[in-house]
Amino acid sequence: MKVSVALFVTAASAASLPSPKQGLPLEKFGQVHAISIEDAMKKVDLIGTNFTALPISSLLEGVKETLDDIKDVIEGSQESKKPFTAADEKATTNTASTASTAATGDCANPNIRFEWDNYSASDKQAFVDAIQCLVNKPPSGNFAPAKNRYEDLVRLHQSYSPNIHSKSTTQQTHKFLLWHRYYVWAFEQILRDECGFNRAFPWWDEKKWAGKFAQATIFTSQYFGTLPGSTNGAATCINDGKFGGMQLSLGPGMTTNNPHCLQRAVNEQITAQTGQNAWDTCRSRTSYPDFHSCVEFTFHAQGHNGVGGVMADAIASPGDPSFFMHHLFVDYAFRKWQLDDVATRTTTISGCADNVSCQPLTLDTMVYMGQICGAKCPDLKVRDILNTLQGHLCYRYDY
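Residues numbered from 1 in each chain as written. Predicted model: local features only at pLDDT ≥ 70, side-chain atom pairs only at ≥ 80, totals over all residues. Heavy atoms only, no water.

Colleague: So what exactly am I meant to see when it comes to the overall build of the protein chain here?
Modeller: Broken down by element type, the protein chain carries 12 helices and 11 strands. Relative to its full complement of 399 residues, the protein chain shows a buried share of 54%. Partitioning the intrachain contacts of the protein chain with sequence separation of at least 6 by distance along the chain shows that 72% fall at a separation of at least 24. Accessible area of the protein chain: about 15,900 Å², with a carbon and sulfur share of 51%. (Helix = DSSP H or I, 4+ residues; strand = E, 2+ residues; numbered from the N terminus. Buried < 20%, exposed > 50% of the residue type's maximum accessible area, 1.4 Å probe, protein only. Contact = heavy atoms within 4.5 Å. Areas by Shrake-Rupley, 256 points an atom, 1.4 Å probe, with all protein chains shown as cover.)

This is the structure in structure tokens:
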């Protein structure tokens, strides 16, 4: 067993890269650092950490104080034989309602995200068409040197990457799941507001394709393009599907102004690590930072590495549009874990807010999105995005 010492290996300089129509050697992309399912079961990723000792920040702290105050009023009334008034009863009811709402959420009409195989052919086509619309739009100018509106999203992730991923298993930040939840939501808003996408949003149940990603119904010549293996030690340019021939200028790593093709290099031995065993192992962890660690280093990392090529580069991986389907699955896993103990997991947070000194992650820790979708994407507190049915968000999954 070996404790992870690096999350990803950055790419070499652009000067050594081949023509933009050739796949890059696999080592140019590096890999998102991962641990095996077996090591996750042994909790190797938690060696040298003590996340459970960190303080827990709770939405219900104020509610508890109010309930304690009401209890004192009731007990005082009993001792003095003063009547328990209607106002006291209303305060008790309102406080109990607040506690319940904090856990279950209060958005009236949540958007439903449908698993790709439950999504109609028309919706699938509209979705990839909307992504292509972003590729064809000029950049906003706020995320230079992005070459188009889609690359604004790539540049945002590339710029923020050092702060939103763990450096290693012993230098973790537990903002990863929260930041990417907001990021994928922002992507949805941009598709809707700027490219007229007006369908339900999809997600991809990645675990059912473990060990056979190349057969997955997203990776077809009609939608995201096929999923080839490597070619002579290099990733393979994608020339079919909606994004066939797509050219990227950002990445690998932190490089910019670096033309290269959208490319993949599937490894099904790696994708086999994204299945039910990994899901069950992570979902069995009861604290947020322990669950977070498991997800980041198991099926999240293995999903990136299994697709390979652009996706294997943790920093500029959104260059491959399949990134968003992968992270919709990661957010789905986060939401399902929360639902296993909804009263606690949608109202409390703990862990490290940064990957250097492990300042405590609290409900008031800020999550920055660079206003990528304008006024809809302000800088928010963790409390605003912790529950998908409350705060800034209003969505759920179809199963």
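Colleague: How should I be thinking about the packing of helix α6 (residues 176-195) against helix α9 (residues 288-307) in this particular structure?
Modeller: For any two helices packed against each other, the geometry comes down to the angle between their axes and how far apart the axes lie. Two numbers describe how α6 lies on α9: the axes approach to 9 Å, and their chain directions differ by 65°. By the angle between their axes, α6 is roughly perpendicular relative to α9. Here Phe176, Leu177 and Leu178 of α6 lie close against α9, whose contacting residues are Tyr288, Phe291, His292, Val295, Glu296 and His300. Partitioned by chemical class, the residues of the contact of α6 with α9 number six nonpolar, two polar and one charged. (Axes fitted to C-alpha atoms, helices over the stretch in contact; angles between N-to-C directions. Parallel < 35°, antiparallel > 145°, perpendicular 65-115°, else oblique. Nonpolar A, V, L, I, M, F, W, Y, C, P; charged D, E, K, R; others polar.)

Colleague: Would you mind showing me how to read the packing of aromatic side chains here?
Modeller: In this description, a pair of aromatic rings is defined by centroid distance and the angle of the planes. Using the criterion set out here, one finds 35 aromatic pairs in the structure. Aromatic pair Tyr332 and Tyr397: ring centres 5.3 Å apart, planes at 75°, arrangement edge-to-face. In this pair, Tyr332 is assigned in helix α10 (residues 322-339) and Tyr397 in strand β11 (residues 395-397), connecting sequence segments 65 residues apart. Residue placement shows Arg113 over the ring face of Tyr395; its charged tip is 3.7 Å from the ring centre. The ring of Trp279 has Lys207 sitting right over it, with the charged end atom 4.3 Å from the ring centre. (Phe/Tyr/Trp six-rings, centres within 6.5 Å; stacked < 30°, edge-to-face > 60°. Lys NZ or Arg CZ within 6 Å of the ring centre and 35° of its normal.)

Colleague: Just checking my understanding: could you explain the packing of α6 against α10 for this structure?
Modeller: It is the contact of α6 with α10, at a shortest axis distance of 10 Å, that shows an interaxial angle of 125°. Accordingly, the angle class assigned to the pair α6 and α10 is oblique. Considering only the axes of α6 and α10, their crossing is left-handed. Taking contact as the criterion, the partners of Phe176, Leu177, Leu178, His180, Arg181, Tyr183, Val184 and Phe187 in α6 are, on α10, Phe323, Phe324, His327, Leu328, Val330, Asp331, Phe334, Arg335 and Gln338. Counted by class, the contact of α6 with α10 contains 11 nonpolar, three polar and three charged residues. (Left-handed = near helix turned anticlockwise from the far one by under 90°.)

Colleague: Help me understand helix α8 (residues 276-283) in this model?
Modeller: Since there are 3.6 residues in each turn of an α-helix, residues three or four apart along the chain are aligned in direction. Three or more residues of α8 are buried, namely Ala278, Trp279, Thr281 and Cys282. Along the axis of α8, the buried residues cluster in a sector spanning 165°; they form a single face. The elements touched by buried residues of α8 are α1 (37-41), α9 and α10. (Arc of directions from axis to C-beta.)

Colleague: Sorry if this is basic, but what is going on with the pairing of strand β2 (residues 111-115) here?
Modeller: Taken residue by residue, a regular strand's side chains alternate between the two faces of the sheet. With three bridges joining them, β2 and β11 adopt parallel strand pairing. Paired with Asn111 across the bridge in β11 is Tyr395. As judged from the two bridges shared by β2 and strand β3 (residues 202-203), these two strands associate in the parallel manner. Within β3, the residue paired with Phe114 across the bridge is Pro202. (Pairing = 2+ DSSP bridges.)

Colleague: Would you explain the sheet that holds β11 in this entry?
Modeller: Adjacent strands of a sheet pair through backbone hydrogen bonds, lying either parallel or antiparallel. Ordered by their spatial adjacency, three strands build an open sheet running β3-β2-β11, and the pairing between neighbours is parallel. The open sheet has two edge strands with one neighbour each: β3 and β11. Across the sheet, α6 touches β2 and β11, and the angle it forms with β2 is around 95°.

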